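Analysis of the macromolecular model
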Amino acid sequence: MNELKKPHILVCNDDGIEGEGLHVLAASMKKIGRVTVVAPAEPHSGKSHAMTLGIPLRIKKYAKNNRFFGYTVSGTPVDCIKVALSHILDGKPDLIVSGINYGSNTATNTLYSGTVAAAREGAIQGIASLAFSLTTYEHADFTYAGKFARKLARKVLQEGLPPDTILSVNIPNLPEADIAGILVTRQGSSRWEEDAIERNDMYGNPYYWLNGTLKLLDTSLLHDEYAVRRNYVSVTPLSCDLTNTSFLDSLNQWNLQK
């Protein structure tokens, strides 16, 4: 296929330009399209949909093994998408893929995720967008995750996505033979129970490290976190519209007045 006729795929993440998952995802996407990588210069996990305001953004070319790999942006994942669309690419890409993230982005954790936010910004800009996460923070094996990301990306390029919709994909850190299957899921209710570890600096002043564990509150394979804990790949369609439509009628009955 003529290189220019291949679908153009923008690849981003929140773990930064050196994240292993980003390089796996870019290599996987190159098998089905033209790839441009635009990623944060430094890790920006947990930044959600944050943007950089009031200070300038810097764009730099990044080389891997002395060959051009992509661009870094001195900002958040959302900054990367905005800068890519306005100043790096010569037109809208056919697809945006974000990840592959270290650690799951399920349930309420989805709200904090820079990986998911990059895809959400793509949807806001009218571009089909996917977010991929591997459910581990250590001993990561991205082999199957990269393979499944390519399979799903190819399907989305063929079928498209509804407006205002992204797919958030969470993949167990397992060999393909141990994957139980693929499930279409809902965002669950499981949430983090935070703790702040207090320490003292050399002057005796306290400082804090945020820590916590994800408490499983869901009990059905219909929900993302429950599914991945049972070795299923979870594919969750997410919307940018945060309106609680089920409460609209009740809220109208409050008869709020000026």
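Just above, that's the structure.
Heads up: these notes are all about the structure in this document. (Residues numbered from 1 in each chain as written. Predicted model: local features only at pLDDT ≥ 70, side-chain atom pairs only at ≥ 80, totals over all residues. Heavy atoms only, no water.)

1. Observations concerning the overall build of the chain
- In terms of regular secondary structure, the chain is built from six helices and 11 strands.
- Relative to its length of 258 residues, the chain is compact, with a C-alpha radius of gyration of 19 Å against a globular reference of 18 Å.
- Buried residues in the chain amount to 44% of all 258 residues.
- A sequence separation of at least 24 residues applies to 74% of the contacts in the chain between residues at least 6 apart. (Helix = DSSP H or I, 4+ residues; strand = E, 2+ residues; numbered from the N terminus. Rg over C-alpha atoms; globule rule 2.2 N^0.38 Å. Buried < 20%, exposed > 50% of the residue type's maximum accessible area, 1.4 Å probe, protein only. Contact = heavy atoms within 4.5 Å.)

2. Re the environment of Leu251
- Structurally, Leu251 is set in helix H6 (residues 248–252).
- Along the sequence, Leu251 and Leu130 sit 121 residues apart, while their C-alpha atoms lie 33 Å from each other.

3. As for the sheet that holds strand E5 (residues 95–102)
- Sheet architecture is open: nine strands sit in the order E3-E4-E2-E1-E5-E6-E7-E11-E8, paired in mixed fashion. The two strands at the open ends of the sheet, each matched to only one other strand, are strand E3 (59–64) and strand E8 (181–184). Pairs of neighbouring strands in the sheet enclose a mean axial angle of 25°, with direction left out of account.
- Sheet topology note: the E8/strand E11 (residues 232–239) ladder contains four bridges and is parallel. (Pairing = 2+ DSSP bridges. Axes fitted to C-alpha atoms, helices over the stretch in contact; angles between N-to-C directions.)

4. Things to note about the packing of aromatic side chains
- Enumeration according to the criterion identifies five aromatic pairs in this entry.
- Ring centres of Phe247 and Trp254 lie 5.9 Å apart, and the angle between their planes is 85°; this geometry places the pair in the edge-to-face category.
- The ring of Tyr226 carries Arg230 above its face, with NZ or CZ at 3.6 Å from the centroid. (Phe/Tyr/Trp six-rings, centres within 6.5 Å; stacked < 30°, edge-to-face > 60°. Lys NZ or Arg CZ within 6 Å of the ring centre and 35° of its normal.)

5. Some details on the nonpolar core
- Counting residues in hydrophobic clusters, the biggest one holds 33 residues, and the most contacted among them are Met29, Val97, Leu130, Phe132 and Ile171.
- Looking at this core, the elements with two or more residues in it are strand E1 (8–12), helix H1 (20–29), strand E2 (34–40), E5, strand E6 (129–134), helix H4 (143–159), strand E7 (165–171) and E11.
- Discounting chain neighbours no more than four positions away, the residues touching Met29 are Ile9, Val11, Val35, Val97, Ala149, Arg150 and Ala153.
- Residues Ile81, Val83, Leu89 and Ile127 belong to the second largest nonpolar core, which totals 13 residues. (Core = buried A, V, L, I, M, F, W, Y, C linked by side-chain atoms within 4.5 Å.)

6. Section: the side chain of Ser168
- Positionally, Ser168 belongs in strand E7.
- Residue Ser168 is classed as buried on the basis of its relative accessible area of 1%.

7. Quick word on the pattern of salt bridges
- Using the criterion set out here, one finds four salt bridges in the structure.
- A salt bridge links Lys82 to Glu121, with the nearest nitrogen and oxygen atoms 3.0 Å apart. Placement of the pair is Lys82 in helix H2 (residues 77–88) and Glu121 in helix H3 (residues 114–124), with a sequence separation of 39 residues.
- A salt bridge links Lys147 to Glu176; the nearest nitrogen and oxygen atoms lie 3.0 Å apart. Here the residue Lys147 occupies a position in helix H4, and Glu176 occupies one in the loop between E7 and E8, the gap between them amounting to 29 residues.
- Accessibility expressed as a relative area gives 43% for Glu176, which makes it partly exposed. (Salt bridge = Lys/Arg side-chain N within 4 Å of Asp/Glu carboxyl O.)

8. Looking at unusual backbone geometry
- In this model, Gly99 is joined to Ile100 through a cis peptide bond whose omega is -5°.
- Its location among the elements puts Ile100 in strand E5.
- Positive phi values are uncommon outside glycine, yet Ser48 reaches one of about 50°.
- Unlike most non-glycine residues, Asn66 shows phi in positive territory, near 65°.
- For Asn66, the position within the fold is in the loop between E3 and strand E4 (67–73).

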